[in-house]
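# Architecture and fold: a report
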Amino acid sequence: MKKILSTALIVIALAFPAKAQDYLLDNPDNHAHFGVRLGLDVTSLVGNGNRYGTQSGFNLAGIYNLPIWKNLYFEPGIGMFYDTATINAVYSVDDEKILDRGSIRNFGFRIPFNFGYRFDVTDDVSVHLFTGPQLNYNITFGTYYNGVKATNQPEADFNRFDFQWNLGIGVDYLNYYAFIEGGFGLSRLIQDKSLSFNNHQLMFPGAKRNLFSIGIGYNF
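One structure accompanies this document, and this report is about it. Note that the structure is predicted; figures quoted are calculated from it, not measured.

If you trace the backbone, Asn27 turns up in the loop between α2 (18-25) and β1 (33-47). Overall, Asn27 belongs to the buried group, its relative accessible area being 8%. Remark: the alpha-carbon pair of Asn27 and Asn71, spanning 44 residues in sequence, is separated by 6.6 Å. At 2.9 Å, the side chain of Asn27 forms a polar contact with the backbone nitrogen of Asp29.

Here it is as structure tokens:
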């Protein structure tokens, strides 16, 4: 990936004269601005077992883009999200198989702190590479079976906060914006837990949240 990115940057640099290269990496028209983002989330809860499956959700956020040096910028934001995941597991107790089928629903606020660099290819088109930490504040979190919220589930003890590390790419066209990003879990969303069943203790592994998002936006 690094080799491909380095080769692409060299090709871009050689394709432009010196003045255009200055504009590509150091646009004098840089200015702070606000923006809005709407994204489709694909959530994967990764733990020590295979209890959880991938499911979709969405996020809606506002950002503030603050130039730091040349085309380097800092872009904090705040928004809300609604993410889901499936439960699809089988447990054995005294040769009896217990099927665990359901879903997880999670609503909260998301606060990214991304640093990025913008490459101004033309007056109308820019390419962004960005990375940084992201905080999730989880307001509601529940396990559902047949649409009914369950009690006494491992997910009942979810963490109020969890963190990811973002890595993504975005493209500007005029004031419009499109992006693809991944968020890799740094802390657990769900802790390990055991529950009693027919005088047996069932162990449920905790999980971190990985995210893949694709979306659109508008810069003011």
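So, on to the side chain of Glu181. Assignment of secondary structure puts Glu181 in strand β9 (residues 176-185). Here Glu181 is buried and forms no salt bridge, its nearest opposite-charge partner Arg110 lying at an N-O distance of 7.1 Å. Setting aside residues up to four positions removed in sequence, Glu181 forms contacts with Phe130, Asn166, Leu167, Gly168, Leu211, Phe212 and Ser213.

A separate point is the side chain of Asn138. Tracing the sequence through the fold places Asn138 in strand β6 (residues 125-145). Taking relative accessible area as the criterion, Asn138 reaches 0% and is therefore assigned buried. A polar contact of 3.5 Å, which involves the side chain of Asn138, links it to the side chain of Asn106. Within polar-contact distance, the side chain of Asn138 engages the side chain of Arg209 at 2.8 Å. Discounting chain neighbours no more than four positions away, the residues touching Asn138 are Phe81, Asn106, Phe107, Gly108, Phe158, Asn159, Arg160, Phe161, Asp162, Leu189 and Arg209.

Rules used throughout
- Residues numbered from 1 in each chain as written.
- Predicted model: local features only at pLDDT ≥ 70, side-chain atom pairs only at ≥ 80, totals over all residues.
- Heavy atoms only, no water.
- Helix = DSSP H or I, 4+ residues; strand = E, 2+ residues; numbered from the N terminus.
- Buried < 20%, exposed > 50% of the residue type's maximum accessible area, 1.4 Å probe, protein only.
- Polar contact = N/O pair within 3.5 Å; in protein donor to acceptor, adjacent residues only side chain to side chain.
- Lys, Arg positive; Asp, Glu negative; His and termini not counted.
- Salt bridge = Lys/Arg side-chain N within 4 Å of Asp/Glu carboxyl O.
- Contact = heavy atoms within 4.5 Å.

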